[in-house]
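Residue strings, one per chain:
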Amino acid sequence: DAKTTQPNSMESNEEEPVHLPCNHSTISGTDYIHWYRQLPSQGPEYVIHGLTSNVNNRMASLAIAEDRKSSTLILHRATLRDAAVYYCIQVHWTSGTYKYIFGTGTRLKVLA
Amino acid sequence: SQTIHQWPATLVQPVGSPLSLECTVEGTSNPNLYWYRQAAGRGLQLLFYSVGIGQISSEVPQNLSASRPQDRQFILSSKKLLLSDSGFYLCAGTGGTGELFFGEGSRLTVL
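Procedures and definitions
- Residues numbered from 1 in each chain as written.
- Chains lettered and ligands numbered in written order.
- Predicted model: local features only at pLDDT ≥ 70, side-chain atom pairs only at ≥ 80, totals over all residues.
- Heavy atoms only, no water.
- Disulfide = S-S within 2.5 Å.
- Helix = DSSP H or I, 4+ residues; strand = E, 2+ residues; numbered from the N terminus.
- Buried < 20%, exposed > 50% of the residue type's maximum accessible area, 1.4 Å probe, protein only.
- Pairing = 2+ DSSP bridges.

Caption draft 1: Structural detail: the state of the cysteines. All names here are of chain B. A full pass over the atoms with the stated rule returns two disulfides over all chains. The residue that forms a disulfide with Cys23 is Cys91, at a sulfur-sulfur distance of 1.9 Å. Classification of the bridge connecting Cys23 and Cys91 rests on its S-S torsion, roughly -65 degrees, and on that basis the disulfide is left-handed. Of this pair, Cys23 sits in strand β3 (residues 19-26) while Cys91 is found in strand β9 (residues 87-94), placing the two residues 68 residues apart along the sequence. Judged by its relative accessible area of 0%, Cys23 is buried. The class of Cys91 is buried, set by a relative accessible area of 0%.

What follows is the structure, encoded as structure tokens:
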């Protein structure tokens, strides 16, 4: 199964931008790139996803490399509430459904 | 919008006892459904997924089973729990946009 690679942890100062990197070197042409985040003792929350083009929503931006082997989640102004584990996943179509295989994620610490 | 409900929220079970975790979905029909397990301090492990009633795919051979008796109901079961079954169990489903929605989770402790 496709696995992504992310740094174990990152730190950011409050109100500064945060760039969370992800490598997905085995990605195929039809695989989507999804990002989720998880607060302690809660289920993950959807953040953003994309296929080839960069994407923006109210939570974040997603920058996808031209060769699609890496992507970066951008939080434009980190707040204390953004402290969470961020998962980048490569969503693969198989057996009539999309499979969402989570890696170990990046734990983001936001400093006041 | 899609909502996923799970119960029970927490449970403590002795080794060898049975298990049944239930998940129901609101706000969408024909969802693809997923069961994940998260051990303490670890990432999410995909256990089972289902594309429809009675259709179950297993990702990891283990002491657990899943069933989908209705379109919006997904059940995780075990006949005899092991210590290693302890963890945070999450049910998830997809709506039309491909986003994965998660329930609140069920925390299982096997003693």
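Caption draft 2: Broad picture of the pairing of strand β8 (residues 84-94) of chain A. Residue and element names in this part refer to chain A. Burial analysis of β8 places eight of its eleven residues in the buried class, which makes it a mostly covered element. Direction of pairing for strand β3 (residues 32-38) relative to β8: antiparallel, over a ladder of seven bridges. Looking at the pairing, Tyr36 lines up with Tyr87 of β8. Pairing between β8 and strand β10 (residues 106-111): three bridges, direction antiparallel. From the neighbouring strand, Ala84 faces β10, where its bridge partner is Leu108. In terms of strand pairing, β8 meets strand β9 (residues 97-100) through four bridges, oriented antiparallel. Along β9, the bridge assignment pairs Thr94 with Thr97.

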